[in-house]
Amino acid sequence: MTVYVVQISDLHLFAKPHQRLLGVDTETSFLQVQKAIAALDPLPDLLLLTGDLAQDGSAAAYARLREHLQALPIDTYWLAGNHDRLHNMNSELRAERVHGEKSFSRENWSFILLNSLVPGKDSGYLTDRTLLWLRQELQRSQAAQNHVLLVLHHPPFSVGSDWLDQSALQQPERLFQVLDEFDHIRLVIFGHIHQELHCRRQGVDYLACPSTCVQFCPKSSRFSLDVIPPALRQIWLEPDGSFKTQVQRVEAALQTPNLALKGY
Ligand SMILES: [Fe+2]
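My aim in this report is to walk through the structure given alongside it, one point at a time. (Residues numbered from 1 in each chain as written. Predicted model: local features only at pLDDT ≥ 70, side-chain atom pairs only at ≥ 80, totals over all residues. Heavy atoms only, no water.)

1. As for the overall build of the protein chain
Inference 1: Scanning the protein chain for helices and strands turns up 6 helices and 16 strands.
Inference 2: Expected size for 264 residues packed as a compact globule is a radius of gyration near 18 Å; at 17 Å, the protein chain falls within 12% of this value.
Inference 3: Projected onto the principal axes, the alpha-carbon positions of the protein chain cover approximately 50 × 40 × 35 Å.
Inference 4: The long-range fraction of contacts in the protein chain, counting pairs at least 24 apart against all pairs at least 6 apart in sequence, stands at 71%.
Inference 5: Accessible surface for the protein chain amounts to roughly 11,000 Å². Of this, 48% is attributable to carbon and sulfur atoms.
Inference 6: Across the protein chain, 24 positive and 29 negative side-chain charges occur, with their mean positions spaced 3 Å apart. (Helix = DSSP H or I, 4+ residues; strand = E, 2+ residues; numbered from the N terminus. Rg over C-alpha atoms; globule rule 2.2 N^0.38 Å. Contact = heavy atoms within 4.5 Å. Areas by Shrake-Rupley, 256 points an atom, 1.4 Å probe, with all protein chains shown as cover. Lys, Arg positive; Asp, Glu negative; His and termini not counted. Charge placed at Lys NZ, Arg CZ, Asp CG, Glu CD.)

Below, the structure written as structure tokens:
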């Protein structure tokens, strides 16, 4: 059976409901994306949230997110990004259908969610402990003859934007060293860059998802906002390890950001 996954990323919610990031009301924008997910027919089997769920890391932002997610009849799994506070996420983002687990399987696919958050830093890093856990999970999924979808927040390589590349995953070769030991990893998905991206490395596909709020211009050396609608990514995982994917823009979620701002 196909496993139908939707990825959304970089929600950047705040403690106060209508606070703005770069001129965009992030919660209103997220709620439009949520509406688009609720209208999908069929509904996805899983929703994956790939970090920066709150801009301010506040418990209040996560508590409201939990309520929004619980309005969807879909199992949701989440990861932290550089703007998040893991402690608050762990206390607020665990409820019925909102799962804190970082490893699970559906059909013959294993899902592994890697924490690349370094408190106080924008860039990401995978600790020895995380990589050891990853290797164990990969061994387990290999023994089960499953295919693997790996999830993290930070891109593990340059995306051709100097300012974003500075906050990418640091020392990604540490990750690749582990991944290259295995041949059942099919897909790696991430967020952080607020834009669509699809590339390949050693036979593995790497996909990035746009944000549910503000978008960044691809291939821009400096901070640069794009005026295109927020989006969700649909991924259909097949039993033979192949997949199909598409990014669905949500026109109703588009708000014009403050283009005069030079960073966030
Ligand atoms: Fe980020």
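2. A closer look at helix 1 (residues 26-38)
In an α-helix, one turn spans 3.6 residues, which is why side chains three or four residues apart end up on the same side.
Inference 1: Between its terminal C-alpha atoms helix 1 stretches 18 Å, which fits the 18 Å expected from 13 residues at 1.5 Å a residue.
Inference 2: Residues of helix 1 that are buried: Thr 26, Glu 27, Ser 29, Phe 30, Val 33, Gln 34, Ala 36 and Ile 37.
Inference 3: Capping the start of helix 1 is the job of one residue whose side-chain oxygen sits 3.2 Å from the backbone nitrogen of Glu 27: Asp 25. (Expected span 1.5 Å × (residues − 1). Buried < 20%, exposed > 50% of the residue type's maximum accessible area, 1.4 Å probe, protein only. Polar contact = N/O pair within 3.5 Å; in protein donor to acceptor, adjacent residues only side chain to side chain.)

3. What about the pairing of strand 8 (residues 109-113)?
Inference 1: Counting buried residues in strand 8 gives 5 out of 5 residues, a clear majority hidden from the surface.
Inference 2: Taken together, the 4 bridges between strand 7 (residues 103-106) and strand 8 define a ladder with antiparallel strand orientation. Across the sheet, the residue bridging to Phe 104 is Phe 111, located in strand 8.
Inference 3: A loop of 2 residues connects strand 7 with strand 8, the two strands running antiparallel in sequence, and Glu 107 in this loop sits at a positive phi of about 50°.
Inference 4: In this sheet, strand 9 (residues 147-151) lies alongside strand 8 in parallel orientation, the contact comprising 5 bridges. Bridged to Ser 110 within strand 9 is Val 148.
Inference 5: Crossover connection from strand 8 via helix 4 (residues 128-143) to parallel strand 9: handedness right-handed. (Pairing = 2+ DSSP bridges. Right-handed = clockwise from strand over helix to strand, strands pointing away.)

Purely geometric stuff here, so don't read any function into it on its own.
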